[in-house]
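Residue-level structure breakdown
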Amino acid sequence: MTPSSLPRLSAHRPGILRRQAAPAPGMVHLGLGNFHRAHQAIYTDAAIASHGGDWGIIGVSSRSSAIPDAMHAQDMLYTVVEISPEGSNFSVPRVHTDAFTAANDPDRVVQVIGDAATRIVSLTVTENGYHYTPATGSLNLQDPAIRHDLANAGTSRTPIGQIVRGLQQRARTHGGPVTILSCDNLADNGHHTRRLIREFASLLSPTEATETLAFIDNCTSFPSSMVDRIVPATTDHYRNLVAAQAGYADSIPVPAEPFTMWIVEDNFIAGRPAWEAGGAVFSNDVAGYEQLKVRLLNGTHSLIAYLGALSGAVTIPDSVAHPHIELAARSVLRDEYLPSVAVPAGVDVDAYEEQLFSRWRNTALGHRTSQVGSDGSVKLRQRIPLPALQLLANGGMPHLLALTTAAYLTCIAPLNGFDPGPQAAAMEDPARALLSTSAAQSRSGQELAQRVLAEHHLLGDKLAGRADFIKRTGELIDTLHAHGPIAAMADAGTPSRPHASSLQTTRSTP
Ligand code: CS2
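Keep in mind it's a predicted model, so treat the numbers as computed, not measured. (Residues numbered from 1 in each chain as written. Predicted model: local features only at pLDDT ≥ 70, side-chain atom pairs only at ≥ 80, totals over all residues. Heavy atoms only, no water.)

Examining the overall build of the protein chain
So the rule is basically this: Secondary structure elements are defined from DSSP: runs of H or I of at least 4 residues count as helices, runs of E of at least 2 residues count as strands, and each element is numbered from the N terminus. We take the radius of gyration over the C-alpha atoms and set the globule estimate at 2.2 Å times the residue count to the 0.38 power. Classification of residues uses two cut-offs on accessible area relative to the type maximum, computed with a 1.4 Å probe and protein chains only: under 20% is buried, over 50% is exposed, and between them is partly exposed. The contact criterion used throughout is that any non-hydrogen atoms of two residues lie within 4.5 Å. Under the convention used here, a 1.4 Å probe and the Shrake-Rupley method define accessible areas, while residue burial counts only the protein chains that appear. The charged-residue count follows a simple rule in which Lys and Arg add positive charge and Asp and Glu add negative charge, with His and chain termini not counted at all. All charge positions are set by atom: Lys at NZ, Arg at CZ, Asp at CG, Glu at CD.
Looking only at helices and strands, the protein chain has 23 helices and 14 strands in total. For 510 residues, the compact-globule estimate of 2.2 N^0.38 gives 24 Å, and the C-alpha radius of gyration of the protein chain, at 23 Å, lies within 12% of that figure. Along the longest, intermediate and shortest principal axes, the C-alpha atoms of the protein chain span 60 × 60 × 45 Å. Out of the 510 residues belonging to the protein chain, those deemed buried represent 57%. Of all intrachain contacts in the protein chain linking residues separated by at least 6 positions in sequence, the fraction that spans at least 24 positions is 78%. Accessible area of the protein chain: about 19,000 Å², with a carbon and sulfur share of 51%. On the protein chain, the mean spot of the 39 positive side-chain charges and the mean spot of the 47 negative ones are 1 Å from each other.

Some details on the confidence of the model for the protein chain
The test is simple: The score called pLDDT rates the predictor's confidence residue by residue, from a low of 0 to a high of 100.
Here the protein chain averages 94 in pLDDT, while 96% of its residues score no lower than 70. With pLDDT under 50 throughout, residues 496-510 is counted as low confidence; its partners more than four residues away or in other chains account for 34 contacts.

Observations regarding the pairing of strand E13 (residues 261-264)
For clarity, the cut-off: In this description, strands pair whenever DSSP reports at least two bridges between them.
Pairing between strand E11 (residues 225-228) and E13: four bridges, direction antiparallel. Looking at E13, one finds that Met 226 is bridged to Ile 263. Two elements, E13 and strand E14 (residues 281-282), share two bridges in a ladder whose sense is parallel. In the sheet register, Val 264 faces E14, and the bridge partner there is Phe 282.

Side note on the nonpolar core
Threshold: What makes a nonpolar core is a set of buried Ala, Val, Leu, Ile, Met, Phe, Trp, Tyr and Cys residues whose side-chain atoms join them at distances within 4.5 Å. Domains are outlined according to an automatic or database domain assignment.
Counting 81 residues, the largest nonpolar core has Leu 296, Trp 360, Ile 384, Leu 403, Leu 435 and Phe 469 as its most contacted members. Tallying contributions element by element places helix H10 (residues 286-310) first for this core, with 12 residues. Each of domain 1 (3-282) and domain 2 (286-507) accounts for three or more of the residues forming this core. Beyond its immediate stretch of four places on either side in the chain, Leu 403 contacts Leu 303, Leu 307, Leu 476, Leu 480, Ala 488, Met 489 and Ala 492.

Focus on the pattern of salt bridges
Rules: Should a side-chain nitrogen of Lys or Arg be within 4 Å of a carboxyl oxygen of Asp or Glu, the pair is scored as a salt bridge.
Scanning the entire structure with this criterion turns up 23 salt bridges. Glu 326 is the partner of Arg 330 in a salt bridge, and the nearest nitrogen-oxygen pair spans 2.7 Å. With Arg 330 and Glu 326 both in helix H12 (residues 323-337) and four residues apart, this pair spans about one turn of that helix. Judged by relative accessible area, which is 3%, Arg 330 ranks as buried. Using a relative accessible area of 19% as the deciding quantity, one classes Glu 326 as buried. In this structure, the salt-bridge partner of Asp 350 is Arg 334, at a minimum N-O distance of 2.4 Å. Placement of the pair is Asp 350 in helix H13 (residues 349-360) and Arg 334 in helix H12, with a sequence separation of 16 residues. Salt bridges sharing partners connect three or more residues here, namely Glu 326, Arg 330, Arg 334, Asp 350, Glu 353, Glu 354 and Arg 361.

Focus: the domain arrangement of the protein chain
How large an interface is tends to be reported as the accessible area lost when its parts come together. Keep this limit in mind: Each of two parts loses accessible area, computed with a 1.4 Å probe, when they are put together; buried area is these two losses added.
Under the domain assignment used here, the protein chain contains domain 1 (3-282) and domain 2 (286-507). Distance from the C-alpha centre of domain 1 to the C-alpha centre of domain 2: 29 Å. Taken together, the contact between domain 1 and domain 2 spans 32 residues of the former and 26 residues of the latter. Of the roughly 2,400 Å² buried where domain 1 meets domain 2, counting both sides, 60% is carbon and sulfur surface.

Notes on the environment of Ala 426
Its location among the elements puts Ala 426 in the loop between helix H18 (422-425) and helix H19 (432-440). For the pair Ala 426 and Arg 119, spaced 307 residues apart in sequence, the C-alpha separation works out to 39 Å. If we skip the residues at most four places from it in the chain, Ala 426 touches Ser 370 and Ser 374.

Quick word on helix H17 (residues 399-412)
Selection criterion: Here a helix's expected span is defined as the number of its residues, less one, multiplied by 1.5 Å.
Its 14 residues place the ends of H17 20 Å apart at the C-alpha level, agreeing with the 20 Å of an ideal helix rising 1.5 Å per residue. Counting buried positions over the 14 residues of H17 gives 13, a clear majority of the element.

Examining the sheet that holds strand E4 (residues 87-91)
Hydrogen bonds between backbone atoms are what pair the strands of a sheet, whose relative direction is either parallel or antiparallel. Defined as follows: Axis angles are defined between N-to-C directions and span 0 to 180 degrees, where every axis is a line fitted to C-alpha atoms and, for a helix, only to the segment in contact.
Taken together, three strands build an open sheet; the order of strands is E4-E3-E12 and the sheet is mixed. Strands with a single pairing partner mark the edges of an open sheet, and in this sheet they are E4 and strand E12 (254-256). In this sheet, neighbouring strand axes are inclined to one another by 25° on average, regardless of whether the strands run parallel or antiparallel. Sheet topology places strand E3 (residues 80-84) next to E4; five bridges connect them, and they run antiparallel. From the neighbouring strand, Ser 84 faces E4, where its bridge partner is Gly 87.

Concerning the side chain of Ser 283
How we decide: N or O atoms within 3.5 Å of each other form a polar contact, as long as, within protein, one can give a hydrogen and the other can take it, and as long as residues adjacent in sequence are counted only when both atoms are side-chain atoms.
Mapped onto the fold, Ser 283 is located in the loop between E14 and H10. Side-chain polar atoms of Ser 283 contact the backbone nitrogen of Asp 285, separated by 2.8 Å. Sequence-distant contacts of Ser 283, defined by excluding residues within four places in its chain, comprise Ile 263, Val 264, Glu 265, Asp 266 and Tyr 289.

Looking at the packing of aromatic side chains
What counts, and what does not: Stacked, edge-to-face and tilted labels apply to pairs of Phe, Tyr and Trp rings (six-membered ring for Trp) whose centres lie within 6.5 Å, assigned for plane angles under 30 degrees, over 60, and everything in between, in that order. Any Lys NZ or Arg CZ found within 6 Å of a ring centre and within 35 degrees of that ring's normal is scored as a charge over the ring.
Under the definition given, this model contains six aromatic pairs. Here the aromatic rings of Tyr 43 and Trp 262 are separated by 5.2 Å at their centres, their planes lie at 65°, and the arrangement is edge-to-face. With Tyr 43 in helix H2 (residues 40-51) and Trp 262 in strand E13, this pair connects stretches of sequence that are 219 residues apart. By relative accessible area, Trp 262 is classed as buried at 1%. An aromatic cluster is present here, built from Tyr 43, Trp 262, Phe 268, Trp 275 and Phe 282 joined pairwise through their rings. A cation over a ring is seen here: Arg 119 above Trp 55, with NZ or CZ 4.2 Å from the ring centre. Over the ring of Phe 357 we find Arg 330, and its NZ or CZ is 4.0 Å from the ring centre.

Printed below as a string of structure tokens:
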């Protein structure tokens, strides 16, 4: 059966919805991508199914209208396809009450955030969507989109601008409280988002700034949260799978691994859905879980993606099946990321590591190295600097964090005449043009590392001052170009080490 010969997914199709009635809206979500639709939407569906509540979600896509259009054509529904080697499970959450595109309808974003019925505004806009300067954690005031939003009240382009304008509307009209919930892979994401929102508000005219800051301080809350689920991009494979097994056409199914985790700080000024019904954990130690996840999972993921891409691996499972890459991944996780993590009480790191490797080995999922490798210029800043600086300060050299940086640069900004292969070519990155110019001006890895790390501060101000780390990264770029990933892993010390899980590890707080 091909999707085109089948009836379209709709709310009238018997047997697919656990509730017939759609909830009334109570949340606005910015960033209607696959991750939100396989994560928060599923927890919300479970919460409404067990506890009820007007917690429907108005989904806002930033620029593309593909997902909102497809959702409207399918009664706001889509299928989450949970994929494991044992088979696939389908579920159709019924939580979205509307969907639209911010770029086409900027007034409407402000209006829905400002609406009294909205009690939570959540975000999955990626690391890139916060328009901040990683070195300082402050808003990037050179960014044209931020400058535009500060100067134009009615047509905000950035999530931070949209939220502040929506909060101003609330302050001017009904004054009702609202929670802003970041669900992005950023350390301390609640505080980070609050800081950016306050900073934007403080740059408005003096009267507006005073009123808006008072509203933010008295009528909003910003819980931190750690989100985790591997969610690849949708392909025709998944559309065909849904058609063959569920018997309807869904143009926007979301593939996801079975594992899912959400740790949330319970700080919701205007109430919240009973997300614990879907397995969310409310905790006071979100920071510990965030560090654990952003470094051990996301940081190691980056190394697997770049070394895999340079070895010709299309997917993460193909990459991690390579014994040298598995060893390098275990080593960076244990020896270079873990020492900087304040491991939350009750977490068994050995079990966490084994669970990560079994998730990464999920061959059925087809998670591509090019997807994880995309946006490295923003992701790596969250993952590498702090653990690297800590090891350097203790007199060590984080060889594998330098290798992650070197492999990233070899993929995105190869030196003249070097072809890093099709997976590297498929990686998207906002800094690709800048980094390619640096590569074209460099005659060696040493020069490239010096340009991008010391001059352009790719990994922030502090690492820009670490000549030893920059030199090591440069040497590894040269080895990758001259002799390939296996030689570079040997150069970084991986194969001569004992099996990483047998290493004694010191766990300390940062
Ligand atoms: C990945 C994440 O693309 C990436 O950088 O590390 O998207 C990862 O799959 C998720 O954070 C898992 O929760």
